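# Working through the structure, step by step
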Amino acid sequence: MNRLRTIFLTPAALVMTSLFLAPLAIICAYSLLTRGAYFGLGLPWTIANYGRVFDPLYGEVLLRSFALAAVATVLCLLLGFPLALFISRSGQRKNFYLNLVILPFWTSLLVRIYAWIFLLRDTGLINATLQKIGLTHAPLPMLYNDGAVILGLVYGYLPFMVLPLYATLERLDPFLIEAAADLGARPWTALLRVIVPLAAPGIRAGVVLVFIPCLGAFLVPDLMGGGKSIMIGNVVQNQFTTARDWPFGSALSLVLMAAVMTLLLVLVRRSGEELL
Amino acid sequence: MDSGAYILELRDVSKQYPSHKAVDGVSLAVERGAFYSLLGPSGCGKTTTLRMVAGFETPTAGDVLLNGSRINDLRPYERNVSTVFQNYALFPHLTVRGNIEFGLRRRGERDLDTPVREVLELVQLSGKESRSPAQLSGGERQRVALARSLVLRPEVLLLDEPLSALDPNLRKQVRSELKSLQRSTGITFLFITHDQEEALSMSDRIAVMHGGRLEQVGTPEDIYQRPRTRFVAEFLGAMNWIDGIGVRPESTHLARTMPESESRRRAGRVENCVFLGNRIHVATRLQNGALAIAEIHQGPECWNAGDPVHVWWHAADELALPAENA
């Protein structure tokens, strides 16, 4: 048995070491170096990069990122829960609906974001239509603001909320819902007292799966926020590209990672192993 | 309102599904305080009938009356009936106490402690109120399900095969407990089962269902001793059909020599013996080719396959089937 274990675990261990742990170690090393002309890196060793992370300028972006990610997560939950409940109770059509949820993944997020831009921009389909039928006389500002970023995040990550929710709701014994009604619970009471508590593992998994990528998102805020609504992911990306300050970018991403890890640990401690 | 002897009435109730008719014109009347069983094989419509009383299904024809009022259109949470589900459907995220309080809270009751304590005593679960359902045995879960419904003092308690999830030894014990619980609370029970022994041992009245229709309604003795159809006769116990006459195995006797005094007799040969502990089933092939089972208790006589034998019975033990051209 032990040999079999080794054989089965080795590929994953190799991948994780070479593609995850090694780059992480490199990032850790970068974060302690000084910005330089070549490769954006140079000596001497320093911890000053970490000090800059707590500059109010970045703190504000970090807070904004948490806020935007939190709003997007809550919206995903509010939209995803009824959807997952509906799918879990639609009998033979379940798989068809699930495929619809996964369908967007067939196209790159980048392409889909551009599709949204074509819809939402001042000369886009929606504004053009609204003006043509005379509902508005000037284009509505639907792009390049926080609302657009949240829309993009919710759109991009909704499936990550729906799938774990569906997995728990699908296993929910339908007799429990009948029992709740039988004991006098109206539909809303049954939802809040029976369905939601029993879906808690799925809710926690969905929240983690949506919140973490939202927090680090850079594509959506870059394209749909248009530089006006930036998130911490854009700042990190900037350090590696335009600003050419790799040590600071590394420090920033490590601090972000530490924050997310702390959050995860708290959640895992509360819900046991089901998240892992 | 009319609150006569019948607490629950079904008047010509049918349930038509797109593919089949699950319940077909069932009329029955349940006396207040009775232990009333719906007995039938799986797929006979008994569970659908119960679900129409609970409110989970709506009849496509006919009326359901509770205390004389039509309740067809009331939602499950608007009816003062309660269900003990086959799998108990206890809320796994709540404790025993939380499960029992659930219905009381929905009614906005102020004092939860007294009724919870009383019902826990009634079902002998005192001291287990803070357990979660997963920490209970099958029998305890069943009692929590009972307590959760009984604490609401429903007009009718609906039980959907509540004993089928228990192991056979426990099942017999629970039968008598359930019966005495029904007696002591005075609550009307509508009990669904496919097990004729369960129905016979507990019920005041049994309605036998078959193919969505009622076959016969009566006391356990009526149903067993005076079945009106061949289906009822055979569903309630093994039957020997000897030249169109029905005789139960326990009324079928064996003799080595021709019993002179009895006119009801047939000759045959023993085909096999099945030992069942406290009794033996002896199968005899009669001369006309029919097989007759005799249930005998262990005695000095020993029957071997191939032995010539005479099967006889008392005329009084013959079952006549008036409803059919038996």
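One can find the structure itself at the top, above this paragraph.
Notes on the structure follow. Residues take numbers from 1 onward in each chain, read along the sequence in its written order. Chains carry letters and ligands carry numbers; both start at the beginning, A for chains and 1 for ligands, and go up in the order they are written. It should be noted that, the model being predicted, local features are given only for residues of pLDDT at least 70 and side-chain atom pairs only at 80 or more, the latter also being counted only at that level, while totals for whole chains, interfaces and linings use all residues.

### Description of the overall build of chain B
So the rule is basically this: Helix and strand definitions here come from DSSP, where helices need a minimum of 4 consecutive H or I residues and strands a minimum of 2 consecutive E residues; each element is numbered from the N-terminal end. As a rule, residues whose C-beta atom has 12 or fewer other C-beta atoms within 10 Å are exposed, those with 20 or more are buried, and those in between are partly exposed; C-beta atoms are placed from the backbone. Whether two residues are in contact is decided by their C-beta atoms, placed from the backbone, lying within 7 Å.
Counting its secondary structure elements, chain B contains 8 helices and 17 strands. A principal-axis box enclosing the C-alpha atoms of chain B has dimensions of 75 × 45 × 35 Å. Looking at chain B as a whole, 38% of its 326 residues are labelled buried. Pairs at least 24 residues apart make up 66% of the contacts formed inside chain B by residues separated by at least 6 positions.

### Here's the deal with the overall build of chain A
Helix and strand counts for chain A stand at 13 helices and 0 strands. Judged by the C-alpha coordinates and their principal axes, chain A covers about 70 × 70 × 35 Å. Put simply, chain A has 276 residues, and 32% of those count as buried. Contacts in chain A between residues far apart in sequence, at least 24 positions, make up 69% of those at least 6 positions apart.

### Quick notes on the interface of chain A and chain B
Taken together, the contact between chain A and chain B spans 15 residues of the former and 17 residues of the latter. Secondary-structure elements contributing two or more residues to the side of chain A that touches chain B are helix H8 (174–182) and helix H9 (187–198) of chain A. The greatest single-element share of the side of chain A that touches chain B, amounting to 6 residues, is contributed by H8 of chain A.

### Let's talk about the sheet that holds strand S9 (residues 205–210) of chain B
Backbone hydrogen bonds hold the strands of a sheet together, and the pairing may be parallel or antiparallel. All names here are of chain B. Defined as follows: For two strands to pair, DSSP has to find at least two bridges joining them. The axes are straight lines fitted to the C-alpha atoms, using for helices just the contacting stretch, and the angles between their N-to-C directions are given from 0 to 180°.
Strands sit in the order S6-S7-S8-S3-S9-S10 across an open sheet of 6 strands; the sheet is mixed. The open sheet has two edge strands with one neighbour each: strand S6 (81–84) and strand S10 (213–218). Each adjacent strand pair in this sheet contributes to an overall mean axis angle of 20 degrees, direction not counted. In this fold helix H1 (residues 46–54) packs onto strand S3 (35–39), S6, strand S7 (156–160), strand S8 (188–193) and S9, with an angle of close to 145 degrees to the strand it touches most, S7. Against the sheet, helix H4 (residues 138–150) engages S6 and S7, with an angle of about 175 degrees to S6.

### Some words on the pairing of strand S14 (residues 265–275) of chain B
All names here are of chain B. Judged from the 5 bridges that link them, S14 and strand S17 (residues 308–312) form a sheet pairing that is antiparallel. Directly across from Ala267, in S17, lies its bridge partner His310. By the bridge criterion, 7 bridges tie S14 to strand S15 (residues 280–286) in an arrangement that is antiparallel. Note on S15: the bridge partner recorded for Arg269 is Arg285. Counting the residues between successive antiparallel strands, the hairpin from S14 to S15 contains 4 residues, one of them, Gly277, with a positive phi of roughly 90 degrees.

### Re the sheet that holds strand S2 (residues 21–31) of chain B
Pairing is antiparallel in the open sheet, where 4 strands are placed in the order S2-S1-S4-S5 (chain B). The outermost strands of the open sheet, each flanked by one partner alone, are S2 and strand S5 (69–70) of chain B.

### Remarks on helix H5 (residues 168–185) of chain B
Residue and element names in this part refer to chain B. Quick note on the threshold: Helix span is expected to be 1.5 Å times the residue number reduced by one.
Under the 1.5 Å per step criterion, the end-to-end length of H5 is 26 Å for 18 residues, consistent within 8% with the ideal 26 Å. Inspection of H5 places Val174, Leu178, Leu181 and Gln182 among the buried residues, and these make up the whole buried set. Residues of H5 that are buried make contact with S3, H4, S8 and helix H6 (196–202). One or two positions beyond H5, positive phi appears at Gly186, with a value near 75 degrees.

### Concerning the nonpolar core
Note the cut-off: Nonpolar core, as used here: buried Ala, Val, Leu, Ile, Met, Phe, Trp, Tyr and Cys residues forming one set through C-beta atoms within 7 Å.
Residues Val53, Ala147, Leu158 and Leu190 of chain B are the most contacted members of the largest nonpolar core, which totals 76 residues. It is H4 of chain B that provides the largest number of residues to this core, a total of 5 residues. Setting aside its immediate chain neighbours within four residues, Ala147 of chain B contacts Ile100, Val119, Leu120, Val123 and Leu125 of chain B. Judged by nonpolar contacts, the second largest core, of 46 residues, contains Ala72, Leu165, Ile230 and Val236 of chain A.

### Focus on the packing of helix H2 (residues 96–106) of chain B against H4 of chain B
Two quantities define a packed helix pair, namely the angle between the helix axes and the distance between the axes. Residues and elements named next belong to chain B. Threshold: To sort the angles, those under 35 degrees are grouped as roughly parallel, those over 145 as roughly antiparallel, those from 65 to 115 as roughly perpendicular, and the leftovers as oblique. Crossing handedness is defined as follows: a turn of the near helix away from the far one that is anticlockwise and smaller than a right angle gives a left-handed crossing, while the clockwise case is right-handed. Residues were grouped as follows: Ala, Val, Leu, Ile, Met, Phe, Trp, Tyr, Cys and Pro as nonpolar; Asp, Glu, Lys and Arg as charged; and all remaining residues, including Gly, as polar.
For the pair H2 and H4, the least separation of the axes is 7 Å and the interaxial angle reads 30 degrees. Considering the angle they form, H2 stands roughly parallel to H4. Handedness of the H2/H4 crossing: right-handed. Where H2 abuts H4, its residues Val96, Asn99, Ile100, Phe102 and Gly103 lie against Val144, Ala147 and Arg148. Residue composition of the contact of H2 with H4, by class: 5 nonpolar, 2 polar and 1 charged.

### Things to note about helix H12 (residues 232–240) of chain A
The buried fraction of H12 of chain A is high, at 7 of 9 residues. Along H12 of chain A, the positions that sit buried rather than exposed are Ile232, Gly233, Asn234, Val235, Val236, Gln237 and Gln239 of chain A.

### A short note on the environment of Tyr17 of chain B
All names here are of chain B. For Tyr17, the location among the structural elements is in the loop between strand S1 (6–16) and S2. Residue class for Tyr17 comes out exposed when judged on the 11 C-beta atoms lying within 10 Å of it. In this structure, the C-alpha to C-alpha distance between Tyr17 and Thr60, residues 43 residues apart in sequence, is 8.7 Å.

### What to know about unusual backbone geometry
Most peptide bonds take the trans form, and the phi angle of most residues other than glycine is negative. Notably, Arg244 of chain A is not glycine yet its phi reads approximately 50 degrees, a positive angle. Note on placement: Arg244 of chain A falls in the loop between H12 and helix H13 (246–271). Judged by the 15 C-beta atoms lying within 10 Å of it, Arg244 of chain A is partly exposed. One non-glycine residue, Glu161 of chain B, lies in positive phi territory at about 45 degrees.

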